[in-house]
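Spelled out from the first residue to the last, the chains are:
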Amino acid sequence: MEFEKVRLLMVEKQLMGRDITDPRVLEAMRNVPRHLFVPPAHRDMAYDDMAMGIGEGQTISQPYMVARMTEMLELTGSEKVLEIGTGSGYQSAVLAALAREVYTVERIEELSLRAQRAIESSGIKDVNFLVGDGTGGWPEEAPFDSILVTAATPEIPPPLLEQLTEGGILVAPVGPQSTQQLVKVTRLEDGFRREFGIFCVFVPLIGAHGFDE
Ligand code: SAM
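Residues numbered from 1 in each chain as written. Predicted model: local features only at pLDDT ≥ 70, side-chain atom pairs only at ≥ 80, totals over all residues. Heavy atoms only, no water.

1. Topic: the sheet that holds strand β7 (residues 164-174)
Spatial ordering of the open sheet is given by β5-β4-β3-β6-β7-β8-β9, a layout of 7 strands whose pairing is mixed. On the outer flanks of this sheet lie β5 (127-131) and β9 (191-200), each paired with one strand and no other. Across this sheet, the average inter-strand angle for adjacent strands is 15°, counted without regard to direction. Two strands pair when backbone bridges link them, and strand β3 (residues 80-84) and strand β4 (residues 101-106) are joined in this way by 5 bridges, in the parallel orientation. (Pairing = 2+ DSSP bridges. Helix = DSSP H or I, 4+ residues; strand = E, 2+ residues; numbered from the N terminus. Axes fitted to C-alpha atoms, helices over the stretch in contact; angles between N-to-C directions.)

Take a look at the structure:
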């Protein structure tokens, strides 16, 4: 009950108080129990306006960043979504609340297993997990209507563009490890349209089409 109150306040102040307006995204952020996705010792900080450590040198993104990137995907409920960088599983849970099904890839097995447990204990369905290098996408399950990369990438991995449906949207933080900019790519009949969003700082996407280890 206490967590719910703080969560509603988080949506009001950090999301609506900035520029998040999609009512479906706001509703998902009101409903998904973020405190179940952070380390138990730090649950009291789960709704603070910041990213947090989740172990293995990785992070759960700031609530605003999760909402911002999710809004850019323009989900309507019918999409098959690919997420690269499962991390805590929180973003996967938000996507699952807004799309038909979610496929999420994480390179660190321990994080993927923890995320699976958190998703299960939240009663969220339709999330499929894979451990491996997500810079190659998930070819066996392609194509995807929406793709979200939740780690910094020097450029958008070509396999992800190939696995996007026509009319589909991909969102990724693109740039050097010091700072990135959110990029939204829409697949058109004859190519790709790129639009640029806010600047941000993410942990690196490490893999064949990302940064070196
Ligand atoms: N979406 C996550 C959440 O809601 O907690 C936050 C993800 S965290 C900012 C980025 C994640 O990407 C880390 O867990 C990291 O291990 C993972 N990652 C980095 N390179 C990857 C790769 N090539 N394939 C899959 N996951 C990768």
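2. Things to note about the side chain of T153
With respect to the helices, strands and loops of the structure, T153 is situated in the loop between β6 (144-149) and α6 (158-162). Residue class for T153 comes out buried when judged on its relative accessible area of 0%. Setting aside chain neighbours within four positions, we find T153 in contact with A172, P173, V174, G175, L205, H209, G210 and F211. (Buried < 20%, exposed > 50% of the residue type's maximum accessible area, 1.4 Å probe, protein only. Contact = heavy atoms within 4.5 Å.)

3. Quick look at empty space enclosed by the protein
Space left empty within the atom packing is revealed by a probe, the size of a water molecule, rolled over the atoms. If you walk through the whole model with that rule in mind, you get 1 cavity of 30 Å³ or more. Its volume calculated, the largest cavity comes out at about 350 Å³. G85, T86, G87, E106 and T150 are the residues nearest the centre of the largest cavity, which is lined by 28 residues in total. For the lining of the largest cavity, the secondary structure elements donating two or more residues are β2 (58-60), β3, α4 (90-98) and β4. Tallying contributions element by element places β2 first for the lining of the largest cavity, with 3 residues. Partitioning the lining of the largest cavity into residue classes produces 12 nonpolar, 12 polar and 4 charged. (1 Å grid on protein atoms, 1.4 Å probe; cavity = no way out; pocket = protein on both sides within 12 Å on 5 of 7 lines; lining within 4 Å. Points joined across faces, edges and corners; volume = space filled by probe spheres on them. Nonpolar A, V, L, I, M, F, W, Y, C, P; charged D, E, K, R; others polar.)

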